Amino acid sequence: MSLLTKTIVGSILLFIAFCFVSSDIFPSSCELNVLIVLDRSDSVKGGFNRSRDFVLNASQELNIGPHAHSVAVIAYSGKRYPRQILPWNFAKNNEEFYKKVKQLRSPGGTTATREALLDAYVLMESRNKSIPNVIMVVTDGQSQDVPTDAARKLQ
Ligand SMILES: *[C@@H]1O[C@H](CO)[C@@H](O)[C@H](O)[C@H]1NC(C)=O
Ligand SMILES: *[C@@H]1O[C@H](CO)[C@@H](O)[C@H](O)[C@H]1NC(C)=O
Ligand SMILES: *[C@@H]1O[C@H](CO)[C@@H](O)[C@H](O)[C@H]1NC(C)=O
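Note that the structure is a prediction, hence the values are computed from the model and not measured. (Residues numbered from 1 in each chain as written. Chains lettered and ligands numbered in written order. Predicted model: local features only at pLDDT ≥ 70, side-chain atom pairs only at ≥ 80, totals over all residues.)

Participant: Describe in detail the site of ligand 3, supporting the description with residues and values.
Facilitator: Taken together, Glu31, His67, Asn128, Ser130 and Ile131 make up the full set of residues adjacent to ligand 3. Considered class by class, the residues forming the shell around ligand 3 number 1 nonpolar, 3 polar and 1 charged. (Near = placed C-beta within 6 Å. Nonpolar A, V, L, I, M, F, W, Y, C, P; charged D, E, K, R; others polar.)

Okay, structure coming up:
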């Protein structure tokens, strides 16, 4: 899973970069739904703060707003820990995104990636279906549940 995740993160950053480079050629392609699935267990290497700051750093490439990037975040850890869901358009702009994501804390727990991806599937139902999507999964930990079927369902 962690290899897959790194690949996903890599291609998304690439995609977002491409979107920016070509923004004055294809402005309409820069409308995107961006769903971030963030492991907030402390098993993440370097602690949760490091993954959270990675997302904050990457969000500088985003352009959150109407007719641009629409974002949602699922922060998760173990099965018995409630997942925190920031729904589509919880942030109207980059500043609001930064503020709200910076407030996320680790409750501890393990890494139930499959459960989080099933939530992601439900959340995708309420996206703006007329624009393309990217899903970014940020985890370094080993999942306690096998996420393969949930990941397939999302594709
Ligand atoms: C994580 O960051 C928060 C502030 O964003 C800070 O209060 C907390 O002490 C940090 N935790 C660790 C383990 O560094
Ligand atoms: C985020 O960016 C800052 C400044 O460029 C850098 O020092 C830091 O290591 C980055 N953090 C992560 C987790 O990538
Ligand atoms: C979805 O995106 C389209 C294309 O930008 C836009 O015209 C429409 O208003 C959006 N729908 C909602 C519900 O935001």
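Picking up where we left off.
Participant: Any chance you could break down the site of ligand 2 for me, citing the residues and the numbers?
Facilitator: Arg50, Asp53, Phe54 and Asn57 make up every residue found near ligand 2. The class makeup of the residues in the shell around ligand 2 is 1 nonpolar, 1 polar and 2 charged.

Participant: Talk me through the nonpolar core; I want residue IDs and the actual numbers.
Facilitator: Ranked by size, the top nonpolar core spans 28 residues in total, and within it Ile36, Val37, Val71 and Ile74 carry the most contacts. Breaking this core down by element, the ones donating at least two residues are β1 (32–39), β2 (69–76), α3 (94–102), α4 (113–124) and β4 (133–138). (Core = buried A, V, L, I, M, F, W, Y, C linked by C-beta atoms within 7 Å. Buried ≥ 20, exposed ≤ 12 C-beta atoms within 10 Å, placed from the backbone. Helix = DSSP H or I, 4+ residues; strand = E, 2+ residues; numbered from the N terminus.)

Participant: For the sheet that holds β4, give the residues involved together with the corresponding values.
Facilitator: Read across the sheet, 4 strands follow the order β3-β2-β1-β4 without closing on themselves; strand pairing throughout is mixed. Every interior strand has two partners, whereas the edge strands, β3 (84–86) and β4, have only one. Taking each pair of neighbouring strands and ignoring which way they run, the sheet shows an average axis angle of 10°. In this structure, β2 lies alongside β3, joined through 3 bridges in antiparallel fashion. Considered in β3, the bridge of Ile74 is made with Ile85. (Pairing = 2+ DSSP bridges. Axes fitted to C-alpha atoms, helices over the stretch in contact; angles between N-to-C directions.)

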